[in-house]
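So you can see what is in the structure, the chains are spelled out below.
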Amino acid sequence: ILGERNTWSTVLRVPITFPPEKFYGAQLSAMCAPDLLGTQGTFLLFSTRPGGEKFKEGGARFTLTKEGDVYRGTVEGPENSFIDSSPPLTLPLTIRPGAGGKTAEVEVGDEKVKVEVGHLTDWVSLVFPAAPGVKVRGLCRMMLTEMGEHVTLYTTPLNIDPENPAMPISHPSYYATYLAKRVGPYATLGLAEDTWALNEGVIDDGTFLKLTYDIDKERKDMFWASLERQRGGTITCVFDATDRIQHMFWRYTEEGHPAAEGIDPGEHKDAIEKHYLHNDAFVGEVLEKLQEGDMLMVLSDHGFTSFRRGVNLNAWLLSNGYLKLKDGADGSAEWLRDVDWSQTKAYALGLAGLFVNQKGRESQGIVEPGDEAQKLKDEIISRLDGLRDGEKDARAIRKVFDTPQLYQGPYVGEAPDLLVGYDHGYRASWDCATGVVSGPEFEDNTKAWSGDHTVDPRLVPGVLFCNHAIDAEDPGLIDMAPTILRLFGHRPPPHMDGRPLFERPPGQGKPAKAA
């Protein structure tokens, strides 16, 4: 809308901006931008250790073979669409141990890099030849996790190389390249901080924090580069580290968290508080650089709470007769593959949603839309509201919301039929999120991902700080768009939810920038 009125916007790493849209401004995509494999983040682990269970989250194992004094493996890249059956592009991987057993030279393709046990490399360039004159380029970071009887090499997900992107990740398309020239190589994956590797125990707390702070610095460098050159309009930049660190380190903030059992947090006990202090200092630096009339808003889209116990709603639906399994199935398959849809009225998928198996919408729906679907929703709400965890004698679900009573508009049909507002300490279990039906209805969460916000939203409000006074007593995220339009002297369109946070733009005249 601002672009239609000739006001420039720079949008850095805002979630759900992939693929990038065209507008009057510049944008670098964020959450939902894939890695080079087309996934939402698949780390790679190369090891001489035999076998090992398949990673449940975002990781792939590959075998290292000892040949004389070196270890060899293969790095698999994206599919090669130039060849029938589209096999993965590959690069040979060679690890040459150094003296002392703590370092090695890693050769991958034409790239050679020194790697140390327990220390991440800088960005390593990977170039996959796809066809004559065609190369696909990516970036990763590497770390030896062990080097002795066994050798194990961890690599981050293969990020799209911003200097030579294999697919559009910015608008204009050259903006990603421009930023790489300004600030150097940087993470392009939407969820770049490798939470899955920490969840799986492949990396430790210190390595995760190193990754996270390095990505945070990349983000700040982009922000400063934009602030330095831009003379008007808006700059929006998302800093993910507060989210990622709270997800992974909440377990150290409370007594008896099951994810911290038997773990000495050491210097990482205060990781969350330290990062807030780090960000507070950054806000101070930004304030010092603002020009007269510039407006600065610092806001979050949610807060945080503990995730101690998981709730498998599919197991609850099964035990209460709303969901049925196929004959002979045990409910252990992911993505609801064991469900008998001809006898199932409702199911859960994702982190907060319950769905009615509705005729004419689901491919094998059995519930008539209208009165029958509403009656079913009302019944499930009455039984799930205030659901208690008997083992812990605690309330697990605070409130279940009938979605159309919360939201209106053309996209409400895409939402779950019911939204589950979990209480403090509870969230959809890991199995529930991936459509597994079997297992307990309640279980401890022992993963490093120990804090969350997919709960009753009234329990996890966000924050808003502004360097100008605002008139509203209870501002919300939904008010940001009309506020920014008002800031530039434009009337919000009638269809837009929310309200401006002030009656007229603060200060004298139009502000130079809104950051």
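In case you missed it, the structure is sitting above this.
Residues numbered from 1 in each chain as written. Predicted model: local features only at pLDDT ≥ 70, side-chain atom pairs only at ≥ 80, totals over all residues. Heavy atoms only, no water.

Enquirer: Before we move on, can you summarise the sheet that holds strand E14 (residues 159-160) with the specific residues and values?
Expert: Pairing within the open sheet is antiparallel, and its 3 strands lie in the order E10-E11-E14. Strand pairing shows two members of the sheet lacking a second neighbour, strand E10 (124-131) and E14, which therefore form its edges. Here E10 pairs with strand E11 (residues 134-140) via 7 bridges, running antiparallel. Within the sheet, the bridge partner assigned to alanine 131 lies in E11 and is valine 134. (Pairing = 2+ DSSP bridges. Helix = DSSP H or I, 4+ residues; strand = E, 2+ residues; numbered from the N terminus.)

Enquirer: Let's hear about the packing of helix H3 (residues 205-229) against helix H5 (residues 271-289): which residues, and what values?
Expert: Axis separation between H3 and H5 bottoms out at 13 Å; the angle between their running directions is 10°. Comparing the axis directions of H3 and H5 gives the class roughly parallel. Across the interface between the two elements, Leu209, Tyr213, Asp216, Lys220, Phe223, Trp224 and Leu227 of H3 pack against Ala271, Lys274, His275, His278, Asn279, Phe282, Glu285, Val286 and Lys289 of H5. Residues belonging to the contact of H3 with H5 are distributed by class as follows: 8 nonpolar, 3 polar and 5 charged. (Axes fitted to C-alpha atoms, helices over the stretch in contact; angles between N-to-C directions. Parallel < 35°, antiparallel > 145°, perpendicular 65-115°, else oblique. Contact = heavy atoms within 4.5 Å. Nonpolar A, V, L, I, M, F, W, Y, C, P; charged D, E, K, R; others polar.)

Enquirer: Explain the state of the cysteines residue by residue, including any values.
Expert: Each disulfide is one covalent bond, formed between the sulfur atoms of two cysteines. The final tally for this structure, using the stated rule, is 0 disulfides. Cysteine cysteine 432 shares no disulfide, and the gap to the nearest cysteine sulfur, in cysteine 32, comes to 20 Å. (Disulfide = S-S within 2.5 Å.)

Enquirer: Could you give an account of the packing of aromatic side chains, with specific residues and numbers?
Expert: Considering all chains together, one arrives at 20 aromatic pairs under this definition. Judged by centre distance (5.8 Å) and plane angle (15°), the rings of tryptophan 316 and tyrosine 322 are stacked. Given the relative accessible area of 6%, tryptophan 316 is considered buried. Overall, tyrosine 322 belongs to the buried group, its relative accessible area being 4%. Members of the aromatic cluster, connected to one another through ring pairs, are Trp196, Phe307, Trp430 and Trp449. Sitting over the ring of phenylalanine 55, arginine 61 keeps its end group 4.1 Å from the ring centre. We note arginine 427 situated over the ring of tryptophan 430; from NZ or CZ to the ring centre the distance is 4.4 Å. (Phe/Tyr/Trp six-rings, centres within 6.5 Å; stacked < 30°, edge-to-face > 60°. Buried < 20%, exposed > 50% of the residue type's maximum accessible area, 1.4 Å probe, protein only. Lys NZ or Arg CZ within 6 Å of the ring centre and 35° of its normal.)

Enquirer: Residue-level account of the sheet that holds strand E9 (residues 111-116), with values.
Expert: Pairing in this open sheet of 5 strands is antiparallel, and the strands run E5-E6-E7-E8-E9 from one edge to the other. Strand pairing shows two members of the sheet lacking a second neighbour, strand E5 (65-67) and E9, which therefore form its edges. Within this sheet the neighbouring strands show an average axis-to-axis angle of 30°, counted without direction. Two elements, strand E7 (residues 88-97) and strand E8 (residues 103-108), share 5 bridges in a ladder whose sense is antiparallel.

Enquirer: Could you give me a rundown of the pattern of salt bridges, with the residues and numbers involved?
Expert: As enumerated under the stated definition, the model contains 34 salt bridges in all. In this structure, glutamate 334 and lysine 56 form a salt bridge, with 3.0 Å as the shortest nitrogen-oxygen distance. Linking glutamate 334 in the loop between helix H6 (313-319) and strand E19 (346-349) with lysine 56 in the loop between strand E3 (43-47) and strand E4 (59-63), this pair joins segments that are 278 residues apart in sequence. Using a relative accessible area of 38% as the deciding quantity, one classes lysine 56 as partly exposed. Taking the shortest distance from any N to any O, the salt bridge between glutamate 163 and lysine 181 comes out at 2.6 Å. (Salt bridge = Lys/Arg side-chain N within 4 Å of Asp/Glu carboxyl O.)

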